[in-house]
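Descriptive analysis of the structure
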Amino acid sequence: MTLLCICLFPVLSHAQWDGQVPPEDVPVYVPADYDPDVPMPLLVFLHGYVPLTTAWYDILLPLQEDANAQGYIFAKPDGSQDGLGEFYWNATDACCDMWGNEPDHVGYLLALVDAIESNYNIDPDRIHLIGHSNGGFMCHRMACEASGRFASVVSIAGAMWNDQSLCQPTDPIHVLQIHGTLDPVIWWLGGLIGLTPYPGVNTTIEYWAQQHGCSTEATFAGSMDLDWLVWFDETNRWIYEGCDDPSAGSAELWEIFGGLHFPSFTDEGIEALFDYLDTHVRPPAACPGDVNADQEVDVTDLLAVISDWGSSASPADINDDGIVDVTDLLAVISSWGSCR
């Protein structure tokens, strides 16, 4: 498949990001069959804390072509550079703003999504973040501080805040944790980066289970061969069931038994990853005046009410009282605009 790489048009001041590549200049990779009239899902990949160049991820975790092949628009921004020239995300107190520069990477990533949406037809219910190591930590922070903007976050070898009170999500969100049991960098049981603790894998994902009202006892959901560096079907899937609204928020763990810090996805693993993204979307927002169900209340809905005026069996009967009349017209007017 031929890929298109298009940089966004300038929409923000370069000075906002302390020397970081501005959001509007981040390359965006679009499937060759992109149709601007069809909303498409967006996947943003966040790298780990890496020396000198983030291009290592084109070899270690190459997702760009897979994303485009699966019909996803794909972006891979770089974090800020520290005093040694290493790229990082200011995710949690443990990882990885080692120099104390405190860049606003939450604001940066939200601005990036806004910039992409201003130039491409993005499905607002299918915006996903995936990150490795430091990028995985950043995924958890985004879930904590911008849960209403993303359908899901996928953290590979990351962790959330050790102090859970620092995580205050406003909306449910789907969270997938992928982690190797023998990870020598970000330990399965948790540990320290410098003198700052980070939680273990189970503590991290069980927080999200509790947040969404799920059981904290995981249910085994089968095994698969996700990591070709480990033999056989080494990855166990654990799902936390009984969530308050599983269509909106969930928690899931993929345990790579014997896995290290850098999983190398097999074809089966890639298929499983995109199946997860495809099936973990945000439910459409409730929108009482949206007669034609396009997530916008506008003149088309108004005309639908007028067209079916007096009808006793019509979707234009918004309040379900058995007749299309002035109360339905007022419902359209009162909810005018986007459903989001």
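Preceding this section is the structure that the text describes.
Residues numbered from 1 in each chain as written. Predicted model: local features only at pLDDT ≥ 70, side-chain atom pairs only at ≥ 80, totals over all residues. Heavy atoms only, no water.

**A word on the nonpolar core**
Ile73 and Trp208 are the most contacted members of the largest nonpolar core, which has 55 residues in total. Setting aside anything within four residues of it in sequence, one finds isoleucine 73 in contact with Val28, Tyr29, Val30, Pro31, Tyr34, Met40, Pro41, Leu42, Leu43, Asn68, Tyr120 and Ile122. Core analysis: the second largest hydrophobic core is formed by 28 residues, Tyr29, Ala67, Phe74 and Ile178 among them. (Core = buried A, V, L, I, M, F, W, Y, C linked by side-chain atoms within 4.5 Å. Buried < 20%, exposed > 50% of the residue type's maximum accessible area, 1.4 Å probe, protein only. Contact = heavy atoms within 4.5 Å.)

**Details of the packing of aromatic side chains**
All chains considered together, the criterion is met by 10 aromatic pairs. Seen in terms of ring centroids, tyrosine 72 and phenylalanine 274 are 5.4 Å apart; in terms of plane orientation they differ by 65°. Their pairing is edge-to-face. Here the residue tyrosine 72 occupies a position in the loop between helix H2 (64-69) and strand S4 (73-75), and phenylalanine 274 occupies one in helix H6 (residues 267-279), the gap between them amounting to 202 residues. Tyrosine 72 gets classed as buried once you look at its relative accessible area, which sits at 0%. (Phe/Tyr/Trp six-rings, centres within 6.5 Å; stacked < 30°, edge-to-face > 60°. Helix = DSSP H or I, 4+ residues; strand = E, 2+ residues; numbered from the N terminus.)

**Quick notes on the state of the cysteines**
What the rule picks out here adds up to 3 disulfides. Each sulfur in the disulfide pair cysteine 144 and cysteine 167 lies 2.1 Å from the other. Its S-S torsion of about -100° marks the bond between cysteine 144 and cysteine 167 as left-handed, since a negative value means left-handed. In this pair, cysteine 144 is assigned in helix H4 (residues 134-145) and cysteine 167 in the loop between strand S8 (152-156) and strand S9 (174-180), connecting sequence segments 23 residues apart. Here the two residues cysteine 144 and cysteine 167 agree in accessibility, since each one is buried. Here cysteine 139 stays unpaired: no disulfide links it, and the sulfur of cysteine 144, its closest cysteine neighbor, is 11 Å away. Using a relative accessible area of 0% as the deciding quantity, one classes cysteine 139 as buried. (Disulfide = S-S within 2.5 Å.)

**Points about H4**
With 12 residues, H4 ought to run about 16 Å at 1.5 Å a step, and its terminal C-alpha atoms sit 17 Å apart, in line with that. Counting buried positions along H4 gives 11 out of 12 residues, so the element sits mostly inside the fold. Considered for burial, the residues of H4 that qualify are Asn134, Gly135, Gly136, Phe137, Met138, Cys139, His140, Arg141, Met142, Ala143 and Cys144. (Expected span 1.5 Å × (residues − 1).)

**A look at the pairing of S8**
Most of S8 is tucked away: 5 of the 5 residues are buried. Burial along S8 is two-sided: Ser152, Val154 and Ile156 facing one way and Val153 and Ser155 facing the other are all buried.

**Side note on the environment of phenylalanine 257**
Along the chain, phenylalanine 257 falls in the loop between strand S14 (250-256) and H6. Placed 21 residues apart in sequence, phenylalanine 257 and asparagine 236 show a C-alpha to C-alpha distance of 7.4 Å.

**Some points on the environment of glycine 200**
Here glycine 200 shows up in the loop between strand S11 (196-198) and helix H5 (201-211). Classification of glycine 200 as buried rests on a relative accessible area of 10%. Those residues in contact with glycine 200 that lie beyond four places of it in its chain are Trp188, Leu189 and Gly190.

**Things to note about the packing of helix H7 (residues 299-307) against helix H8 (residues 326-334)**
The interhelical angle for the contact between H7 and H8, taken along N-to-C directions, is 180°, at an axis separation of 10 Å. Relative to H8, H7 is oriented roughly antiparallel. The segment H7 lies against H8, with Asp301, Leu302 and Val305 engaging Asp328, Leu329 and Val332. Split by residue class, the contact of H7 with H8 holds 4 nonpolar, no polar and 2 charged. (Axes fitted to C-alpha atoms, helices over the stretch in contact; angles between N-to-C directions. Parallel < 35°, antiparallel > 145°, perpendicular 65-115°, else oblique. Nonpolar A, V, L, I, M, F, W, Y, C, P; charged D, E, K, R; others polar.)

**Focus: the pairing of S9**
Counting buried positions along S9 gives 7 out of 7 residues, so the element sits mostly inside the fold. Every second residue of S9 is oriented toward a common face, with His174, Leu176, Ile178 and Gly180 on one face and Val175, Gln177 and His179 on the other, all of them buried. Taken together, the 5 bridges between S8 and S9 define a ladder with parallel strand orientation. Within the sheet, the bridge partner assigned to valine 154 lies in S9 and is leucine 176. As paired elements, S9 and S14 share 7 bridges and run parallel to each other. Within the sheet, the bridge partner assigned to leucine 176 lies in S14 and is glutamate 252. (Pairing = 2+ DSSP bridges.)

**Considering a nonpolar patch on the surface**
Together, Val299, Leu303, Ile306 and Trp336 make up an exposed nonpolar region whose accessible area comes to about 410 Å². Here valine 299 lies in helix H7. Its relative accessible area of 46% is what places valine 299 among the partly exposed residues. (Patch = residues over 30% accessible without salt bridge, like charges linked within 9 Å, V, L, I, M, F, W, Y side chains within 5 Å. Areas by Shrake-Rupley, 256 points an atom, 1.4 Å probe, with all protein chains shown as cover. Salt bridge = Lys/Arg side-chain N within 4 Å of Asp/Glu carboxyl O.)

**Some details on a negative patch on the surface**
On the surface, Asp233, Asp267, Glu268, Glu271 and Asp275 cluster together into a patch of negative charge. Among the secondary structure elements, aspartate 267 is positioned in helix H6. The class for aspartate 267 is exposed, based on a relative accessible area of 72%. (Lys, Arg positive; Asp, Glu negative; His and termini not counted. Charge placed at Lys NZ, Arg CZ, Asp CG, Glu CD.)

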